[in-house]
Amino acid sequence: MSDDLLRVEGLSAGYGQAVVLTGISLALAEGQTLALLGRNGTGKTTLINTLVGATRQFSGSITLGGVALHKLASHERAAAGIGWVPQERNIFKSLTVDENLTAVARPARAGRAALPWTPARVYEMFPRLAERKTNLGTQLSGGEQQMLAVGRALVLNPKLLLLDEPLEGLAPIIVQELLRAIRRITREEGLSAIIVEQHPQAILAISHRAVVLDHGTVVHSGAAEDLREQPELLDRLLGVAR
């Protein structure tokens, strides 16, 4: 459809000679959030890594706003509009919080309706970071590092934000703070996002669409609210009690 921001068609990808994803097709409209779910080892992170160009793609296509991402190198995909928060966070631990943000900041894209993301707006959303502007990355807690990783992705002013298990290993109070921030970024600011998470109910509550992977293929695709309201189906798809 013409209003799709992201289109993935017939995607197969993996590492080296190993094929992890087979025949993946999905679409995400402008301003929508997709919950990407599945048990451990089903290919969720591989799909995120493939979108950013960190795997070997065997077949299929990926387009973002009409741009053929699958033809671009990973650094060119960031310039095309991908903002990525990997599991490892990948902040610059030898730089201060402020240097982490200013080093990667990009101006807002032409035609953008929402306010541009700047370091100042990141500090407003995450006051903890504002209090630690001069702290090095090594001096931050795990939750603060995750906030900084999200902030670094936002100041790229991306078209699509990719969050790979952003709540993993964090204290409950930090989880709630990050969930509020993600809801604001997506629901209020209208930034399109794909979120991989092991806490499906929390993410389904702030997502528009849901895709479930199993053995590297899509086994369910539909409205997030519908899946959230069918816990038995969710349990069956994920293979464990939730």
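Residues numbered from 1 in each chain as written. Predicted model: local features only at pLDDT ≥ 70, side-chain atom pairs only at ≥ 80, totals over all residues. Heavy atoms only, no water.

## Concerning the overall build of the chain
Here's step 1: Of the regular secondary structure elements, the chain holds ten helices and ten strands.
Here's step 2: Over its C-alpha atoms the chain spans a radius of gyration of 17 Å, differing by no more than 12% from the 18 Å that the globule rule assigns to 242 residues.
Here's step 3: Along the three orthogonal principal directions, the C-alpha set of the chain runs to about 45 × 40 × 35 Å.
Here's step 4: Taken over 242 residues, the chain has a buried fraction of 50%.
Here's step 5: Considering only contacts within the chain whose residues lie at least 6 apart along the sequence, 69% involve residues at least 24 apart.
Here's step 6: For the chain, the accessible surface area stands at approximately 10700 Å², while carbon and sulfur atoms represent 51% of it.
Here's step 7: Of the side chains in the chain, 25 bear a positive and 24 a negative charge, and the two mean positions are spaced by 4 Å. (Helix = DSSP H or I, 4+ residues; strand = E, 2+ residues; numbered from the N terminus. Rg over C-alpha atoms; globule rule 2.2 N^0.38 Å. Buried < 20%, exposed > 50% of the residue type's maximum accessible area, 1.4 Å probe, protein only. Contact = heavy atoms within 4.5 Å. Areas by Shrake-Rupley, 256 points an atom, 1.4 Å probe, with all protein chains shown as cover. Lys, Arg positive; Asp, Glu negative; His and termini not counted. Charge placed at Lys NZ, Arg CZ, Asp CG, Glu CD.)

## Some remarks on the packing of aromatic side chains
Here's step 1: For the structure shown, the criterion picks out zero aromatic pairs.
Here's step 2: Sitting over the ring of Phe 92, Arg 152 keeps its end group 4.4 Å from the ring centre. (Phe/Tyr/Trp six-rings, centres within 6.5 Å; stacked < 30°, edge-to-face > 60°. Lys NZ or Arg CZ within 6 Å of the ring centre and 35° of its normal.)

## Quick word on the sheet that holds strand S9 (residues 209-214)
Here's step 1: As summarised here, the arrangement of the six strands in space is S6-S7-S8-S3-S9-S10, forming an open sheet in which the pairing is mixed. Each of the sheet's edge strands pairs with one partner strand only, and the pair in question is strand S6 (82-85) and strand S10 (217-223). Geometrically, the sheet is characterised by an average inter-axis angle of 15 degrees between neighbouring strands, direction not taken into account.
Here's step 2: Summarising the sheet, strand S7 (residues 160-164) and strand S8 (residues 192-196) pair through five bridges and their orientation is parallel. (Pairing = 2+ DSSP bridges. Axes fitted to C-alpha atoms, helices over the stretch in contact; angles between N-to-C directions.)

## Concerning the packing of helix H6 (residues 142-154) against helix H7 (residues 172-188)
Geometry of a packed helix pair, given as the angle between the helix axes and the separation of the axes.
Here's step 1: Here H6 crosses H7 at 10 degrees, and the two axes come no closer than 10 Å. In terms of their interaxial angle, H6 and H7 are classed as roughly parallel. Here Gly 143, Gln 146, Met 147, Val 150 and Leu 154 of H6 come into contact with H7, specifically with Ile 174, Glu 177, Leu 178 and Ile 185.
Here's step 2: In terms of residue class, the contact of H6 with H7 is built from six nonpolar, two polar and one charged. (Parallel < 35°, antiparallel > 145°, perpendicular 65-115°, else oblique. Nonpolar A, V, L, I, M, F, W, Y, C, P; charged D, E, K, R; others polar.)

## Quick notes on the nonpolar core
Here's step 1: In terms of nonpolar packing, the biggest core is built from 47 residues, with Phe 126, Leu 161 and Leu 227 touching the most fellow members.
Here's step 2: When near neighbours in sequence (up to four residues on either side) are disregarded, Leu 161 contacts Gly 83, Val 85, Ala 153, Leu 154, Ile 185, Leu 191, Ser 192, Ala 193 and Ile 194.
Here's step 3: Listed in part, the 26 residues of the second largest apolar core include Ala 13, Leu 26, Leu 160 and Leu 213. (Core = buried A, V, L, I, M, F, W, Y, C linked by side-chain atoms within 4.5 Å.)

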